Amino acid sequence: MARMIHCVKLGIEAEGFDEPPFPGPQGQEIYEKISKKAWQQWLAKQTMLINEYRLASFDPKARTFLAEERAKFLFEGNNDMPAGYVPPKP
């Protein structure tokens, strides 16, 4: 049976993670408060940010930037797009 949580991002009861998405306190907080659906939304935004800003996953500054953006997106309701961002055409 799926583990249901109150997702703070979506404001609804939704399916939660089976385990934290990564180790540490941030992973634990996401496990407790963020649904799988909201996490998928974050992964899509993270991919867009990596592409728009041409980030390298091994760059410590890029990792810090993405962690800050993740917190803003998941917990603060911030979904700002990069300046000049144009969504891809389907």
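The structure contained in this document is the topic of the report that follows. (Residues numbered from 1 in each chain as written. Predicted model: local features only at pLDDT ≥ 70, side-chain atom pairs only at ≥ 80, totals over all residues. Heavy atoms only, no water.)

**Notes on the packing of aromatic side chains**
Now for step 1: This model, assessed by the stated rule, comprises four aromatic pairs.
Now for step 2: Aromatic pair Phe17 and Trp39: ring centres 5.8 Å apart, planes at 80°, arrangement edge-to-face. On the criterion of sequence distance, the pair formed by Phe17 in the loop between strand E2 (12-15) and helix H1 (25-33) and Trp39 in helix H2 (residues 36-53) is long-range, its members being 22 residues apart.
Now for step 3: Taking 6.2 Å as the distance between ring centres and 45° as the angle between the ring planes, the aromatic pair formed by Phe22 and Trp39 counts as tilted. (Phe/Tyr/Trp six-rings, centres within 6.5 Å; stacked < 30°, edge-to-face > 60°. Helix = DSSP H or I, 4+ residues; strand = E, 2+ residues; numbered from the N terminus.)

**Observations regarding the pattern of salt bridges**
Now for step 1: Under the counting rule described, the total for this entry stands at four salt bridges.
Now for step 2: For Glu29, the salt bridge goes to Lys33, with nearest N and O atoms at 3.3 Å. Taken together, the residues span about one helical turn, with Glu29 and Lys33 both in helix H1 at a distance of four residues.
Now for step 3: What makes Glu29 partly exposed here is its relative accessible area of 31%.
Now for step 4: A residue is classified by how much of its surface remains accessible, and Lys33, at 32% relative accessible area, is partly exposed.
Now for step 5: The salt bridge involving Lys72 is made with Glu69; its shortest N-O contact spans 2.9 Å. On the criterion of helical spacing, the pair formed by Lys72 and Glu69 is a turn pair, its members being three residues apart in helix H3 (residues 60-75). (Salt bridge = Lys/Arg side-chain N within 4 Å of Asp/Glu carboxyl O. Buried < 20%, exposed > 50% of the residue type's maximum accessible area, 1.4 Å probe, protein only.)

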